[in-house]
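One-letter residues, chain by chain:
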Amino acid sequence: MTRVIAVTGKGGTGKTAITTLLIRHLTRGNKVVLAVDADPDTNLPETLGCEVHRTIGDVKEFMHEERDNLPPDVNKQSILESKLYEVLEEMPGYDLLVMGRPEGSGCYCYVNNLLRGIMNKLVDNYDVLIIDTEAGLEHFSRKIFKQVDDLIVVTDGSRRGMGTAERIRELVGELETDVAHIYVIANKVTDSTSETIIRTAAELELELIGMVPLDEMIVQRDLAGQPLMELPDDSPAVKEIENISRKLNL
Ligand SMILES: Nc1ncnc2c1ncn2[C@@H]1O[C@H](COP(=O)(O)OP(=O)(O)OP(=O)(O)O)[C@@H](O)[C@H]1O
């Protein structure tokens, strides 16, 4: 069974950084990983150190536009499938798919239905599927992914950030995706914020699974435009991700 992890949270809290560090952990543990960048605003490829030229959005657009021009005897499912493999970026230890631009006008149900079948088949090839999602989980309702084992909400520990985590927990009830567990990771935590974070999480009845410190090594890498995949093992953030991964049995 493929373990499905979705990472969400308010923009700027470090969702992409946490996703990248989880992928770093998983690939070092020889897990076969499919990473999906499902946030149109995200920079997951950059933090992973991977160049992506084409996205699922491009494939969807192609299928949407060409649907009526394709001869009736061609198998649209296999065309979409081969196009999908063309945009699958193969990296050492993991593959990456970028969802890309949002849909244009018109109904994409036809393409989405085909895509859902193909994606669910593709996912079976991996030990772990990890999805960097958009902050509001809007696209989750399109049911590309039917079931999520762990929804990780990243917060920066501010009251607003914790409020976002609580809202996401409420939103999950409205999704058409099954979510087995919801966890919160506080990120960029400092000595002065840790106590408040623990208290607020308890008040809001959120399961706080870890507190990743504000890490100078991440700041430096970000400034230098370097990916986070090669952060050393003694990075404080990497160490906490190791603790969290242990708790999550990853
Ligand atoms: N633990 C950390 N210590 C220091 N800096 C961090 C840490 N986590 C993330 N950052 C920095 O915070 C900024 C925002 O992080 P990131 O891009 O991962 O956020 P995001 O929530 O994915 O935002 P968006 O959705 O807008 O892409 C980046 O500059 C990143 O390098």
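Structure: above.
So, a few notes on the structure that sits alongside this text. No experiment lies behind these values; they were computed from the predicted model shown.

The rules behind these values
- Residues numbered from 1 in each chain as written.
- Predicted model: local features only at pLDDT ≥ 70, side-chain atom pairs only at ≥ 80, totals over all residues.
- Heavy atoms only, no water.
- Near = heavy atom within 4 Å.
- Polar contact = N/O pair within 3.5 Å; in protein donor to acceptor, adjacent residues only side chain to side chain.
- Areas by Shrake-Rupley, 256 points an atom, 1.4 Å probe, with all protein chains shown as cover.
- 1 Å grid on protein atoms, 1.4 Å probe; cavity = no way out; pocket = protein on both sides within 12 Å on 5 of 7 lines; lining within 4 Å.
- Sits in = over half its atoms within 2 Å of the grid points.
- Helix = DSSP H or I, 4+ residues; strand = E, 2+ residues; numbered from the N terminus.
- Nonpolar A, V, L, I, M, F, W, Y, C, P; charged D, E, K, R; others polar.
- Buried < 20%, exposed > 50% of the residue type's maximum accessible area, 1.4 Å probe, protein only.
- Contact = heavy atoms within 4.5 Å.
- Core = buried A, V, L, I, M, F, W, Y, C linked by side-chain atoms within 4.5 Å.
- Points joined across faces, edges and corners; volume = space filled by probe spheres on them.
- Phe/Tyr/Trp six-rings, centres within 6.5 Å; stacked < 30°, edge-to-face > 60°.
- Lys NZ or Arg CZ within 6 Å of the ring centre and 35° of its normal.
- Axes fitted to C-alpha atoms, helices over the stretch in contact; angles between N-to-C directions.
- Parallel < 35°, antiparallel > 145°, perpendicular 65-115°, else oblique.
- Left-handed = near helix turned anticlockwise from the far one by under 90°.

1. Side note on the site of the ligand
Here is step 1 of the chain: Around the ligand, 19 residues are found, and the nearest of them are Gly12, Thr16, Ala17, Lys188 and Asp215.
Here is step 2 of the chain: Between the ligand and threonine 16, the relevant distance is 2.5 Å, taken from an oxygen atom to a side-chain nitrogen or oxygen of the residue.
Here is step 3 of the chain: Contact distances for the ligand include 3.0 Å between a nitrogen atom and a backbone N or O atom of proline 213.
Here is step 4 of the chain: Taken by itself the ligand offers 630 Å² of open surface, and the protein chains cover 82% of this.
Here is step 5 of the chain: Under a 2 Å grid-point criterion requiring more than half of the atoms, the pocket assigned to the ligand is the largest pocket.
Here is step 6 of the chain: For the shell around the ligand, the secondary structure elements donating two or more residues are α1 (15-28), β7 (178-189), β8 (208-213) and α8 (216-224).
Here is step 7 of the chain: Residues of the shell around the ligand, tallied by class, amount to 6 nonpolar, 7 polar and 6 charged.

2. Side note on the side chain of lysine 60
Here is step 1 of the chain: One can find lysine 60 in helix α3 (residues 56-66).
Here is step 2 of the chain: Owing to a relative accessible area of 11%, lysine 60 belongs among the buried residues under this scheme.
Here is step 3 of the chain: Not counting the four nearest positions on each side in its chain, lysine 60 is found in contact with Glu103, Tyr108, Val111, Asn112 and Leu115.

3. Some thoughts on the nonpolar core
Here is step 1 of the chain: If you look at the biggest cluster of nonpolar residues, it comprises 42 residues, and the most contacted ones within it are Leu34, Val36, Ile56, Leu97, Met119 and Leu129.
Here is step 2 of the chain: Counting residues per element, this core draws most heavily on helix α5 (residues 109-123), which supplies 7 residues.
Here is step 3 of the chain: Formed by 34 residues, the second largest nonpolar core is a distinct cluster that contains Ile18, Ile23, Ile185 and Leu250.

4. Comments concerning empty space enclosed by the protein
Here the idea is plain: a probe the size of a water molecule rolls over the atoms and shows the empty space left.
Here is step 1 of the chain: In total, this model carries 2 cavities of 30 Å³ or more according to the counting rule given.
Here is step 2 of the chain: Reported here for the second largest cavity is a volume of approximately 30 Å³.
Here is step 3 of the chain: Lining the second largest cavity are Gly57, Lys60, Glu61, Arg101, Pro102, Glu103, Gly104 and Tyr108.
Here is step 4 of the chain: Along the lines of polarity and charge, the residues of the lining of the second largest cavity split into 2 nonpolar, 2 polar and 4 charged.

5. Brief notes about the packing of aromatic side chains
Here is step 1 of the chain: Applying the stated rule across the entire model yields 0 aromatic pairs.
Here is step 2 of the chain: Lying over the aromatic face of phenylalanine 62, lysine 83 brings its terminal NZ or CZ to 4.5 Å of the ring centre.

6. Observations concerning the environment of asparagine 30
Here is step 1 of the chain: Note that asparagine 30 resides in the loop between α1 and β2 (33-38).
Here is step 2 of the chain: Overall, asparagine 30 belongs to the exposed group, its relative accessible area being 67%.

7. Some points on the packing of α3 against helix α4 (residues 76-87)
Here is step 1 of the chain: α4 packs onto α3 with a crossing angle of 155° between their chain directions and a minimal axis gap of 9 Å. Put simply, α3 runs roughly antiparallel to α4. Here α3 runs over α4; the crossing is right-handed. Here Ile56, Val59, Phe62 and Met63 of α3 come into contact with α4, specifically with Lys76, Ile79, Leu80, Lys83, Leu84 and Val87.
Here is step 2 of the chain: In the contact of α3 with α4, the residues fall into 8 nonpolar, no polar and 2 charged.

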